[in-house]
There are 2 protein chains.
Amino acid sequence: MSELEAERLARSYLLRVAEPPAPALAGFVGEFGPVVAAERVRRADCPPKVRDETAARRAHDYAERDLERAAADETRLVIPEDDEWPAWPLLSLAVAQGRGVSGMAPPLALWVRGPVKLGEAVDQAIAIVGARAATGYGEHNAAEVGYHLASRGIPVFSGAAFGIDGAAHRGALSADGTTVAVLGCGADVEYPAQHATLLRNIGKVGAVVSEYPPGTTPARHRFLVRNRLIAALTEGTVVVEAGRRSGARNTASTAGALGKVVMAMPGPVSSGMSAGCHALIREGEATLVTSVDEILETAGRFGAEGAEPSKPRRRTDRLGPEALRVHDALSTRSARPEERLAAESGIPVERVRSLLPELELDGFAERSDAGWRKRAAKT
Amino acid sequence: MSELEAERLARSYLLRVAEPPAPALAGFVGEFGPVVAAERVRRADCPPKVRDETAARRAHDYAERDLERAAADETRLVIPEDDEWPAWPLLSLAVAQGRGVSGMAPPLALWVRGPVKLGEAVDQAIAIVGARAATGYGEHNAAEVGYHLASRGIPVFSGAAFGIDGAAHRGALSADGTTVAVLGCGADVEYPAQHATLLRNIGKVGAVVSEYPPGTTPARHRFLVRNRLIAALTEGTVVVEAGRRSGARNTASTAGALGKVVMAMPGPVSSGMSAGCHALIREGEATLVTSVDEILETAGRFGAEGAEPSKPRRRTDRLGPEALRVHDALSTRSARPEERLAAESGIPVERVRSLLPELELDGFAERSDAGWRKRAAKT
């Protein structure tokens with residue numbers, strides 16, 4: 001067994017023995033590495049706090065079975081030792097934990113189903129969250145925002161719930177964009193049942209993500225724990241509709257605690273489903289946004305023609321108009337040949353060929369055998 | 001002729017000879033008093049800037065005729081020398097002018113029709129402004145806010161225009177509350193013509209106010225000049241609906257420049273008539289409000305039972321309930337004897353006598369020969 005396989009097996013075991021978030025176990029694994037940590041947990045040879053977190057299930061050693069069961073469902077366990085691990089966005093959890101915010105322990109690993117590499121999907125990603133009991137107004141806006149973000153190449157994260165979540169995923173899917181569902185149950189659990197097809201579709205083109213082992217049933221506390229992942233994995237969170245005590249406000253305040261951009265859409269003052277959004281804006285916890293342009297401007301990103309940020313905040317602002325069009329034609333997910341970039345950008349292929357090395361030098365593009373790929377550039 | 005009559009006559013003349021705002025003339029009147037200033041303007045014996053402001057009309061000496069014409073319409077000229085003059089709120093104009101904000105010259109006097117004393121109407125007053133081309137949603141909210149403010153004893157100021165203005169006045173009237181229309185034409189000019197009955201009704205129970213002499217026709221520039229009075233005479237301005245380039249945004253930014261509280265109501269993101277409100281909130285120029293409770297909380301007032309401010313923002317929040325009632329019974333404009341304060345506050349006169357020195361120590365009240373006066377304390 002390779003070292004990486006041993007680590008994956010160890011983390012598969014650890015994900016099952018402690019209910020996330022498990023701050024003591026996370027620290028223990030950070031100190032001794034997953035393989036040693038797993039062995040010592042098995043033997044109950046660990047500090048009292050780690051023992052507390054793992055005592056109830058440390059005999060549940062289903063690591064191999066979980067990996068096999070997941071593989072049968074085309075699900076992989078992505079671990080911090082993998083290239084795909086979204087280390088940078090998850091760092092916000094460790095920082096918040098260090099500042100004393102409770103419940104922010106980073107995940108020990110993530111079960112992922114879908115063709116999108118998690119580390120790439122988080123680039124410039126936006127979370128769209130909101131009430132399950134959304135109104136037609138809210139679902140319409142969630143679908144619109146999901147569609148227009150995705151069609152500009154911005155990955156759309158949500159929680160696959162009824163209402164706003166489902167509308168946001170569907171909007172992104174209908175734009176053939178990237179969408180990621182982060183679940184409060186096993187990645188193989190079709191919950192809510194009426195969203196089974198939606199979850200399958202997301203898994204076909206985007207990713208379904210969970211830190212819970214296969215078969216884990218949904219539970220209220222798991223949705224709250226899951227919310228920290230949605231907030232952490234994205235650049236900003238948009239609350240489309242939320243009642244005064246909605247779980248979406250929990251995601252929003254978590255995003256704020258993680259230093260992420262929190263946004264909310266307004267609605268009619270008479271709508272209880274907009275009351276949570278209005279409260280977030282009124283109390284200065286969220287910035288009011290009414291359109292994808294405003295979302296991108298607030299999150300400090302471009303993404304597209306049509307967006308006219310009042311203040312240039314993106315690295316790509318430095319690019320000339322032709323370079324920008326070629327950059328827009330690049331994909332972070334798949335390498336594209338120069339001919340395709342020329343066709344998509346409407347710029348002659350000779351000119352594309354001379355612009356690409358410049359983009360590469362500036363860190364905006366990278367060359368591969370199959371063509372050119374957009375570099376996941378931080379602003 | 002009494003001194004006061006001479007001053008009134010002089011200001012009646014001066015209001016007609018210069019188109020407001022007339023900063024040089026206002027300064028000249030401040031320096032020499034209205035009687036001397038009027039004489040010198042008549043003779044063109046004044047500094048060049050004052051001459052520029054008055055040259056075109058200084059021969060238009062209709063002072064007596066204007067006063068008679070107004071009196072026939074039950075309209076009086078309220079001048080700074082009157083007890084009724086709203087000196088404190090208008091001070092914000094002088095302060096802004098001193099800080100170099102243009103177009104903020106205070107009015108030389110105000111034509112007023114209606115039973116409400118202007119100096120009293122401005123106490124805790126709220127301006128409700130918005131688009132003429134309002135939607136049903138906007139008009140409904142303006143009427144609701146007007147009604148509920150007025151029924152809690154908060155005077156409602158607006159501009160008597162179509163749309164939001166008219167709905168706000170009507171809402172206040174239907175609560176039998178105080179409402180004040182500030183016009184961009186003569187107080188006797190029924191504009192818009194379809195609001196003739198509305199203006200008459202406001203004049204019967206509230207006040208119709210203008211700095212323009214009787215018969216002055218409405219003009220676009222006069223509405224903008226008038227906006228500074230709506231902003232200055234009130235504690236805060238609520239923009240109910242506004243397009244991106246609405247005149248209501250002008251009132252809002254004037255209110256902001258005057259240090260007043262600026263508020264805006266949200267609406268559907270798809271509504272162009274809410275776009276101006278959303279922009280004000282998004283850009284941090286206005287606080288989002290969805291209800292009268294939130295308006296009162298934001299404007300920093302109790303005003304009424306039912307309002308539950310989440311954060312104490314007013315200096316007087318530190319006062320105990322009895323001290324607060326005595327404080328509320330004080331007037332900034334005129335000194336009141338202890339007996340009157342006892343009667344108004346419903347607190348025994350002995351207790352009032354012991355509370356007043358405490359209020360004085362904290363800077364909330366000041367003693368004079370005629371009794372006690374409220375100190376104009378800024379929060």
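Residues numbered from 1 in each chain as written. Chains lettered and ligands numbered in written order. Predicted model: local features only at pLDDT ≥ 70, side-chain atom pairs only at ≥ 80, totals over all residues. Heavy atoms only, no water.

Some points on the interface of chain A and chain B
- Contact residues are listed per partner, giving 18 residues for chain A and 18 residues for chain B.
- Around 1500 Å² of area is buried between chain A and chain B when both sides are counted, 60% of it from carbon and sulfur atoms.
- Together, A:V269, A:R282 and A:L288 form the three largest contributors to the area buried by chain A at its contact with chain B, with a combined 47%.
- Scanning the region where chain A abuts chain B turns up six salt bridges.
- For B:E294, the salt bridge goes to A:R244, with nearest N and O atoms at 3.6 Å.
- Where chain A touches chain B, the interface holds eight residue pairs in polar contact (both at pLDDT 80 or more).
- Counting only elements with at least two residues in the side of chain A that touches chain B, the list comes to α7 (136–151), α12 (272–282), β9 (287–288) and α13 (292–299) of chain A.
- Broken down by class, the residue content of the side of chain A that touches chain B amounts to eight nonpolar, six polar and four charged. (Contact = heavy atoms within 4.5 Å. Buried area = accessible area lost by both parts, 1.4 Å probe. Salt bridge = Lys/Arg side-chain N within 4 Å of Asp/Glu carboxyl O. Polar contact = N/O pair within 3.5 Å; in protein donor to acceptor, adjacent residues only side chain to side chain. Helix = DSSP H or I, 4+ residues; strand = E, 2+ residues; numbered from the N terminus. Nonpolar A, V, L, I, M, F, W, Y, C, P; charged D, E, K, R; others polar.)

Here we look at the pattern of salt bridges
- All told, the structure shown has 47 salt bridges over all chains when counted by the stated rule.
- A salt bridge links A:R222 to A:E19; its shortest N-O distance comes to 2.8 Å. Of the two residues, A:R222 sits in helix α10 (residues 220–233) while A:E19 sits in the loop between α1 (3–17) and α2 (23–42), which places them 203 residues apart along the sequence.
- Under the relative-accessibility criterion, A:R222 is labelled buried at 12%.
- For A:E19, a relative accessible area of 22% corresponds to the partly exposed category.
- The salt bridge partner of B:D82 is B:R8, with a shortest N-O separation of 2.7 Å. Residue B:D82 is located in the loop between β1 (75–78) and α5 (87–98), and its partner B:R8 is located in helix α1 (residues 3–17); the two are separated by 74 residues in the primary sequence.
- A cluster of three or more residues bridged by salt bridges with shared partners is formed by A:D73, A:R113, A:E190 and A:R200. (Buried < 20%, exposed > 50% of the residue type's maximum accessible area, 1.4 Å probe, protein only.)

Digging into the side chain of B:D165
Residue and element names in this part refer to chain B.
- Tracing the backbone shows D165 in helix α8 (residues 164–174).
- Among buried charged residues, D165 stands out as having no salt bridge; its nearest opposite-charge side chain is R226, 5.0 Å away.
- Apart from the residues within four sequence positions on either side, D165 is in contact with I128, V129, G130, S158, G159 and A160. (Lys, Arg positive; Asp, Glu negative; His and termini not counted.)

Points about the packing of aromatic side chains
- Throughout the structure, instances matching the rule amount to four aromatic pairs over all chains.
- Across the ring face of A:F32, the terminal group of A:R40 is positioned such that the distance to the ring centre comes to 4.8 Å. (Phe/Tyr/Trp six-rings, centres within 6.5 Å; stacked < 30°, edge-to-face > 60°. Lys NZ or Arg CZ within 6 Å of the ring centre and 35° of its normal.)

Regarding α2(A)
Residues and elements named next belong to chain A.
- The end-to-end C-alpha separation of α2 is 18 Å, well short of the 28 Å expected for 20 residues at 1.5 Å each.
- A bend of about 115 degrees at G33 is the largest found in α2, and the proline P34 appears one to four places after it.
- Among the residues making up α2, those that are buried are A24, L25, A26, F28, V29, G33, P34, A37, A38, R40 and V41.
- Buried residues in α2 make contact with α1 and α3 (48–54). (Expected span 1.5 Å × (residues − 1). Bend = angle between axes of the 7 residues up to and from the residue.)

Considerations on the domain arrangement of chain A
Residues and elements named next belong to chain A.
- The domain architecture assigned to chain A consists of domain 1 (1–72), domain 2 (118–299) and domain 3 (315–374).
- Once you take the C-alpha centre of each, domain 1 and domain 2 turn out to be 30 Å apart.
- Between domain 1 and domain 2 lies a buried interface of about 760 Å² when both sides are counted; carbon and sulfur atoms form 60% of it.
- At the boundary of domain 1 with domain 2, the tally comes to two salt bridges.
- Connecting domain 1 to domain 2 are two residue pairs in polar contact (both at pLDDT 80 or more).
- Broken down by secondary-structure element, the contributors of at least two residues to the side of domain 1 that touches domain 2 are α1 and α4 (63–72).
- Looking at the side of domain 1 that touches domain 2, the element that brings in the most residues is α4, giving three residues.
- In terms of residue class, the side of domain 1 that touches domain 2 is built from four nonpolar, no polar and five charged. (Domains from an automatic or database assignment.)

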